Amino acid sequence: MEECAHGGCLMELCIQLSITMLGKQLIQNNLFEIGIPKLKKLIRFIRSKQGAFQEEERQKKLQRYETDHFLEPFAGLTPEYMEMIIQFGFVTLFVASFPLAPLFALLNNIIEIRLDAKKFVTELRRPVAARAKDIGIWYNILKGVAKVAVIINAFVISFTSDFIPRMVYQYMYSPDGSMHGFVNHTLSYFNVSHFQEGKETLDPLHLGYPVEICRYKDYREPPWSATPYEISKEFWAVLAVRLAFVIVFQNIVMLMSDIVDWLIPDIPKDISLQIHKEKILLVDHFMKEEQRKSHILESRVSTGSKEAFSSSNNNINTMTHSCSRLHSKCTTASNASNDVFIVQS
């Protein structure tokens, strides 16, 4: 329930983030990363049937697949992605209060790369490879966290530090445009006679003289005003500037991120050219294959038509030959009948 110090709450937040990045991310996670698989491997080895084997069977050299059976099963990449998302959140959400967070995150990732390599090679069973276009939903989560981080950092800079009150005093209330008199401007007046019953000081003469007016850090009206101890107009001015700073800061950072995203393509230029060349070669290959198939189909159609034409010619010749034979037979029969008629007569 304690309020922030006069210098703001950035120091307390910086201490909390340093403990989180050093203690939890760099030490605790890396110890658990390599320690838990070893412990599970030992427990599985003790509980396995090999513990009940005879001594000579135990001393026998096992096959590779038998030794791999005692390793920890691969549980997927979800824990690894989750750890990186949490680290990314700590680094981006409160980077304004702890600028060394990216450095500690880099050190943690360098160490974790080697620990993960050792874990995947010696402590886990071989995972099944699968094709993936990208990291999937995790990209959208990272993108959302990055956008929220811009807003959070704007509020951290605006509301947990004296940056905005100092700027407001320097450009709106300072008589000479300097920071002289800023502390006195942030302090309000309080009449000690207005303490509630039982809340007054035990020793009014502690300083050697009676105190009638004391000062406290806030933007409130003095006791001699028409509305004593009400929020002053300076408070609303500072609040309006703080909210305006949040909006301006958010839009500027979003615009800069869009410009950087536009300037730096997702795919490098040489890789995009190589992909374009591969697509052209693939289209050429498909076109040549289609042309080859069309030529084969045309040759088959022409061969079939020639065969049909030759068979029709053979049929016509056969019919012509049959008709000629029939005609000769008819002529012979008519001549024979004429001969018979002449003989009878």
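The rules we used
Residues numbered from 1 in each chain as written. Predicted model: local features only at pLDDT ≥ 70, side-chain atom pairs only at ≥ 80, totals over all residues. Heavy atoms only, no water. Helix = DSSP H or I, 4+ residues; strand = E, 2+ residues; numbered from the N terminus. Buried < 20%, exposed > 50% of the residue type's maximum accessible area, 1.4 Å probe, protein only. Contact = heavy atoms within 4.5 Å. Areas by Shrake-Rupley, 256 points an atom, 1.4 Å probe, with all protein chains shown as cover. Phe/Tyr/Trp six-rings, centres within 6.5 Å; stacked < 30°, edge-to-face > 60°. Lys NZ or Arg CZ within 6 Å of the ring centre and 35° of its normal. UniProt positions renumbered as here; feature names shortened; annotations may be inferred. Expected span 1.5 Å × (residues − 1). Salt bridge = Lys/Arg side-chain N within 4 Å of Asp/Glu carboxyl O.

### Topic: the overall build of the protein
Then step 1. Counting its regular elements, the protein contains 10 helices and two strands.
Then step 2. The proportion of buried residues among the 345 residues of the protein is 20%.
Then step 3. Residue pairs in contact within the protein that sit at least 24 positions apart in sequence constitute 74% of those at least 6 positions apart.
Then step 4. For the protein, the computed accessible surface area is about 26300 Å², with 65% contributed by carbon and sulfur atoms.

### Observations concerning the packing of aromatic side chains
The description of an aromatic ring pair uses the distance of the two centres, along with the angle that the planes make with each other.
Then step 1. One pass over the structure, following the stated rule, counts 10 aromatic pairs.
Then step 2. An aromatic cluster of three or more residues is present, and its members are Phe-163, Phe-245 and Phe-249.
Then step 3. In this arrangement the basic side chain of Arg-215 is found over the ring face of Tyr-189, its NZ or CZ atom lying 3.8 Å from the centre.

### A short note on the UniProt feature "transmembrane region" (unreviewed entry) in the protein
Then step 1. The positions UniProt marks with the feature "transmembrane region" (unreviewed entry) are residues 84-107.
Then step 2. End C-alpha atoms of residues 84-107 are separated by 13 Å, and the span's content is 71% helix alongside 0% strand.

### Looking at helix H4 (residues 78-93)
Then step 1. Given a rise of 1.5 Å per residue, 16 residues ought to cover 22 Å, and the 22 Å separating the end C-alpha atoms of H4 matches this to within 8%.
Then step 2. Regarding H4, the residues found buried are Glu-80, Glu-83, Ile-85, Gln-87, Gly-89, Val-91 and Thr-92.

### Some remarks on the side chain of Ser-232
Then step 1. Secondary-structure assignment places Ser-232 in the loop between strand S2 (213-217) and helix H9 (233-263).
Then step 2. Owing to a relative accessible area of 4%, Ser-232 belongs among the buried residues under this scheme.
Then step 3. In contact with Ser-232, other than residues within four places in its own chain, are Tyr-219, Arg-220 and Glu-221.

### A look at the pattern of salt bridges
Then step 1. The tally for this structure, following the rule as stated, stands at four salt bridges.
Then step 2. For Lys-119, the salt bridge identified is with Asp-116, shortest N-O distance 3.7 Å. Taken together, the residues Lys-119 and Asp-116, both in helix H5 (residues 101-123) and three residues apart, mark about one turn of the helix.
Then step 3. Classification of Lys-119 by relative accessible area gives buried; the value is 8%.
Then step 4. On the basis of relative accessible area, Asp-116 is assigned to the buried category, the value being 15%.
Then step 5. For Asp-218, the salt bridge is made with Arg-220, and the minimal N-O distance between the two is 2.9 Å.
Then step 6. Judged by its relative accessible area of 24%, Asp-218 is partly exposed.
Then step 7. Through salt bridges that share partners, Glu-80, Asp-116 and Lys-119 make up one connected network.

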